[in-house]
Amino acid sequence: MDQQTYDRGREIRAAVLGEAYVAQAATGDDFSTPFQDLVTEYCWGAVWGRDGLSRKTRSMLNLAMIAVLNRPNELRTHVKGALTNGVTREEIREVFMQVAIYAGVPAAVDSFRIAREAFAEYESS
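Residues numbered from 1 in each chain as written. Predicted model: local features only at pLDDT ≥ 70, side-chain atom pairs only at ≥ 80, totals over all residues. Heavy atoms only, no water.

S.K.: Sorry, what's going on with the overall build of the protein here?
M.R.: Looking only at helices and strands, the protein has 7 helices and 0 strands in total. Overall, the protein shows an N-to-C arrangement of helices and strands of α-α-α-α-α-α-α. Expected size for 125 residues packed as a compact globule is a radius of gyration near 14 Å; at 15 Å, the protein falls within 12% of this value. Sequence separation of 24 or more characterises 65% of the internal contacts of the protein that already satisfy a separation of 6 or more. With the model as given, the accessible surface of the protein reaches about 7600 Å², and the carbon-plus-sulfur share is 55%. Across the protein, the mean location of the 14 positive side-chain charges is 6 Å away from that of the 17 negative side-chain charges. (Helix = DSSP H or I, 4+ residues; strand = E, 2+ residues; numbered from the N terminus. Rg over C-alpha atoms; globule rule 2.2 N^0.38 Å. Contact = heavy atoms within 4.5 Å. Areas by Shrake-Rupley, 256 points an atom, 1.4 Å probe, with all protein chains shown as cover. Lys, Arg positive; Asp, Glu negative; His and termini not counted. Charge placed at Lys NZ, Arg CZ, Asp CG, Glu CD.)

Below you can see the structure in the form of structure tokens.
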């Protein structure tokens, strides 16, 4: 593990998803801790830590990809992260409209439902 990349990843992950989320993810066991370390270093440090795209743009891309992949738990998490990164509800709506056209209406239907739930969770936190 590259400690500097890991530390950068933890910083970014906490800024986007919240310190409580990162702390909870870090309370894994022998089975899941190595995976969480990989996610922190590789996804959040090596990729999210690059300068080529803003966090807002990365969030919008993630919403589209995760919606298409039908990963509701990750979508809920990343909707809240997108709000933190300055993506508006209107922009989230437009991302999911785009998903409907290019990936199918059922994927967008689920995405809109999950986003509404995530908005409420985000507002209550």
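S.K.: Is there a simple way to explain the domain arrangement of the protein in this structure?
M.R.: Bring the parts together and some accessible area is lost; that lost area is often taken as the interface size. By domain assignment, the protein separates into domain 1 (3-45) and domain 2 (55-124). Listed by partner, the interface residues are 7 residues for domain 1 and 7 residues for domain 2. Around 530 Å² of area is buried between domain 1 and domain 2 when both sides are counted, 58% of it from carbon and sulfur atoms. Together, Val16, Leu17 and Tyr21 form the three largest contributors to the area buried by domain 1 at its contact with domain 2, with a combined 65%. Applying the counting rule to domain 1 against domain 2 returns 0 salt bridges. Here domain 1 and domain 2 share 0 residue pairs in polar contact (both at pLDDT 80 or more) between them. The dominant element in the side of domain 1 that touches domain 2, judged by the number of residues it contributes, is helix α1 (residues 3-17), at 5 residues. Split into classes, the residues belonging to the side of domain 1 that touches domain 2 amount to 6 nonpolar, no polar and 1 charged. (Domains from an automatic or database assignment. Buried area = accessible area lost by both parts, 1.4 Å probe. Salt bridge = Lys/Arg side-chain N within 4 Å of Asp/Glu carboxyl O. Polar contact = N/O pair within 3.5 Å; in protein donor to acceptor, adjacent residues only side chain to side chain. Nonpolar A, V, L, I, M, F, W, Y, C, P; charged D, E, K, R; others polar.)

S.K.: Would you mind showing me how to read the packing of aromatic side chains here?
M.R.: Given two aromatic rings, their pairing is described by the distance between the two centres and the angle made by the two planes. Evaluated as defined, the whole model comprises 2 aromatic pairs. Judged by centre distance (4.6 Å) and plane angle (25°), the rings of Trp44 and Trp48 are stacked. For the pair formed by Trp44 and Trp48, the shared burial category is buried. An angle of 65° between the planes, with centres 5.8 Å apart, marks the rings of Phe96 and Phe112 as edge-to-face. Residue Phe96 is located in helix α6 (residues 89-103), and its partner Phe112 is located in helix α7 (residues 105-124); the two are separated by 16 residues in the primary sequence. Residue classification places Phe96 among the buried positions, given a relative accessible area of 1%. (Phe/Tyr/Trp six-rings, centres within 6.5 Å; stacked < 30°, edge-to-face > 60°. Buried < 20%, exposed > 50% of the residue type's maximum accessible area, 1.4 Å probe, protein only.)

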